[in-house]
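Per-entry structural report
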Amino acid sequence: MKRNILLNPGPATISMRVKKAQLVPDICPREQEFGDLMAKISAGLLGFVKDAKDSSCVLFGGSGTLAVESTLASTLDKSHKLAIIVNGAYGQRMCEIAKYHGLNYVVFQSSFLEPIDFLELEQFLQKERPDFLSVVHSETTSGLLNDLTQISKIAHPLGIKIIADCMSSFACYEISLNEVDFIIASSNKNIQGTAGISFVIAKNQNIMHAEFAKSLYLDLKAQYEYFIKHHQMRFTPPVQVAYALYEAILELQEEGLKNRFLRYQKSNAILRQGLEDLGFCIYPKSSHSVIITSIDIPKNMNFEELHQFCKNRGFTIYPGKIAGKEMFRIANIGEIDSYDMQLFLQVLQEFCQHTIIN
């Protein structure tokens, strides 16, 4: 099978081992052995979180946005106030979700490319006094990493619960349930599984208080209670995706969370240095993750031509998502390493030389 190196921020390149895990005999997902598999997946994901005593991992069939929507729609009703940190497209998506569900929300607007001003955030929260604060840990829009420790130090003393979208940080960064109250992620990014399962991790008492859902499918508490009783999702799960996810969990357990972080960190350092050596302007300049890098597109360069040139040589890159800026993004997640990043930089250098000559 041809190996495509995906440099888009998920779904990520996965190992042949994870691909093969989907080739299993047909099974009814209501059989006990499949329920046992779901229980092992839930426990395995929970094992990557710090301070997870008396906590659970609630699984859903669907993309990460589904789990974010379930959490927001289930934990808040109109009597609650939600503050949303917006410094990227996925913070903006939380606003869209809140609007659709008629939630009472306010926005803390921050730069898409610069770290949060925590003094301003503290003043904002003291003024607004929300019940909940939602934030994207690693903004996939740019690669900006929001400091959950600092956010927690500001929000928790004010009695504010934190809902963290950790799509682009889970299974790379260590995340603690003492710092955030809800962790939301999916199967297809750093966990290096296939797309189709998302999940919410929280203390059991927080899940039991999430009783405000107005949607049957998105009801977080009902999904949790059904799973506790039956080891099943309430509705048909993506069976093959679950087998792949379990294999991806085993891979991560073998590699170790710290080693996965270090592998990504090495690839990211090589990528950022190589881009700068080629004369590209990269972002964020500070508070960046080891996962995603945003790059300005030079005026003499066409993204579609660059994309096709790279794709023809086995590398898939991704367009930018910041309004008013011509950018593209490179993610160094998945079953790739620093050698793959060096090969990509060679391809990029070849394109740059081709662009200058022409």
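Up top is the structure.
From a predicted model like this one, the values you see are computed outputs, not experimental measurements. (Residues numbered from 1 in each chain as written. Predicted model: local features only at pLDDT ≥ 70, side-chain atom pairs only at ≥ 80, totals over all residues. Heavy atoms only, no water.)

Section: the sheet that holds strand E12 (residues 292-296)
Note: strands within a sheet are paired through backbone hydrogen bonds, in either parallel or antiparallel orientation. With antiparallel pairing, four strands are arranged side by side in an open sheet as E11-E12-E15-E14. Edge positions in the sheet fall to strand E11 (282-283) and strand E14 (318-319), since each has one partner strand and no second. Pairing geometry for E12 and strand E15 (residues 327-331), over five bridges, is antiparallel. Bridge pairing links threonine 293 to isoleucine 330 in E15. (Pairing = 2+ DSSP bridges. Helix = DSSP H or I, 4+ residues; strand = E, 2+ residues; numbered from the N terminus.)

Section: the packing of aromatic side chains
Between two aromatic rings, the relevant description is the distance of the centres plus the angle of the planes. Inspection of the entire model under this criterion finds ten aromatic pairs. Seen from their ring centres, tyrosine 217 and phenylalanine 235 are 5.3 Å apart, and the 15° between their planes marks the pair as stacked. One end of the pair, tyrosine 217, is in the loop between helix H7 (204-208) and helix H8 (220-230); the other, phenylalanine 235, is in the loop between H8 and helix H9 (239-255), and 18 residues separate them in sequence. Taken together, the aromatic side chains of Phe48, Phe170 and Phe199 make up a single cluster linked through ring pairs. Here the guanidinium or amino end of lysine 285 rests over the ring plane of tyrosine 283, the centre of that ring lying 5.0 Å away. (Phe/Tyr/Trp six-rings, centres within 6.5 Å; stacked < 30°, edge-to-face > 60°. Lys NZ or Arg CZ within 6 Å of the ring centre and 35° of its normal.)

Examining the pattern of salt bridges
In this structure the tally under the stated criterion is nine salt bridges. Put simply, lysine 81 and glutamate 128 hold a salt bridge, and the shortest N to O gap is 2.6 Å. Here lysine 81, found in strand E3 (residues 81-86), pairs with glutamate 128, found in helix H5 (residues 118-128); they are 47 residues apart in sequence, far enough to count as distant. Assigned by exposure class, lysine 81 and glutamate 128 land together as buried. Among the charged side chains, a network of salt bridges with common partners joins Arg17, Glu247 and Glu254. (Salt bridge = Lys/Arg side-chain N within 4 Å of Asp/Glu carboxyl O. Buried < 20%, exposed > 50% of the residue type's maximum accessible area, 1.4 Å probe, protein only.)

A word on the environment of methionine 341
Looking at the secondary structure, you find methionine 341 in helix H12 (residues 338-357). Among the residues examined, methionine 341 registers a relative accessible area of 0% and is labelled buried. Expressed as a C-alpha distance, the spacing of methionine 341 and methionine 1, which sit 340 residues apart in the sequence, is 21 Å. Once residues lying within four places of it in the same chain are set aside, the contact partners of methionine 341 are Leu7, Ser267, Ile270, Leu271, Ile330, Asn332 and Ile336. (Contact = heavy atoms within 4.5 Å.)

Comments concerning the packing of helix H2 (residues 32-46) against H9
It is at 10 Å that the axes of H2 and H9 come closest, and there the two elements cross at 40°. On the basis of their axis angle, the class for H2 and H9 is oblique. Between H2 and H9 the crossing geometry is left-handed. Of H9, the residues touching H2 (which contributes Phe34, Leu37, Met38, Lys40, Ile41, Gly44 and Leu45) are Val239, Ala242, Tyr243, Leu245, Tyr246, Ile249 and Gln253. Among the residues forming the contact of H2 with H9, the class breakdown is eleven nonpolar, two polar and one charged. (Axes fitted to C-alpha atoms, helices over the stretch in contact; angles between N-to-C directions. Parallel < 35°, antiparallel > 145°, perpendicular 65-115°, else oblique. Left-handed = near helix turned anticlockwise from the far one by under 90°. Nonpolar A, V, L, I, M, F, W, Y, C, P; charged D, E, K, R; others polar.)

Things to note about the sheet that holds strand E10 (residues 197-203)
Taken in spatial order, the seven strands make up an open sheet running E2-E10-E9-E8-E5-E3-E4, and their pairing is mixed. Both edges of this open sheet fall to strand E2 (55-61) and strand E4 (104-109), since each of them pairs with a single strand only. When the angles between neighbouring strand axes are averaged without regard to direction, this sheet yields 20°. Examined bridge by bridge, strand E9 (residues 182-186) and E10 share five bridges and lie antiparallel to one another. Within the sheet, the bridge partner assigned to alanine 185 lies in E10 and is phenylalanine 199.

So, the nonpolar core
Formed by 52 residues in total, the largest nonpolar core has its most connected members in Leu45 and Phe170. Ranked by residues supplied to this core, first place goes to H9 with eight residues. Leaving out residues up to four positions away in the same chain, leucine 45 has contacts with Cys57, Leu59, Phe170, Ile191, Phe199, Ile201, Leu245 and Ile249. If you look at the next biggest cluster of nonpolar residues, it comprises 35 residues, including Leu66, Leu103, Phe112 and Leu218. (Core = buried A, V, L, I, M, F, W, Y, C linked by side-chain atoms within 4.5 Å.)

Examining H8
Among the residues making up H8, those that are buried are Leu220, Lys221, Gln223, Tyr224 and Phe227. Within H8, the buried residues cover an arc of 165° as seen down the axis, which keeps them to one side. Buried positions along H8 lie against H2, E2, helix H3 (64-75), E9, E10 and H7. (Arc of directions from axis to C-beta.)

Thoughts on H2
Along its 15 residues, H2 runs 21 Å from first to last C-alpha, staying within 8% of the 21 Å computed at 1.5 Å per residue. When H2 is considered as a whole, its buried residues turn out to be Phe34, Gly35, Leu37, Met38, Ala39, Ile41, Ser42, Gly44, Leu45 and Leu46. Looking at the packing, one finds that the buried side of H2 touches E2, E10, H8 and H9. (Expected span 1.5 Å × (residues − 1).)

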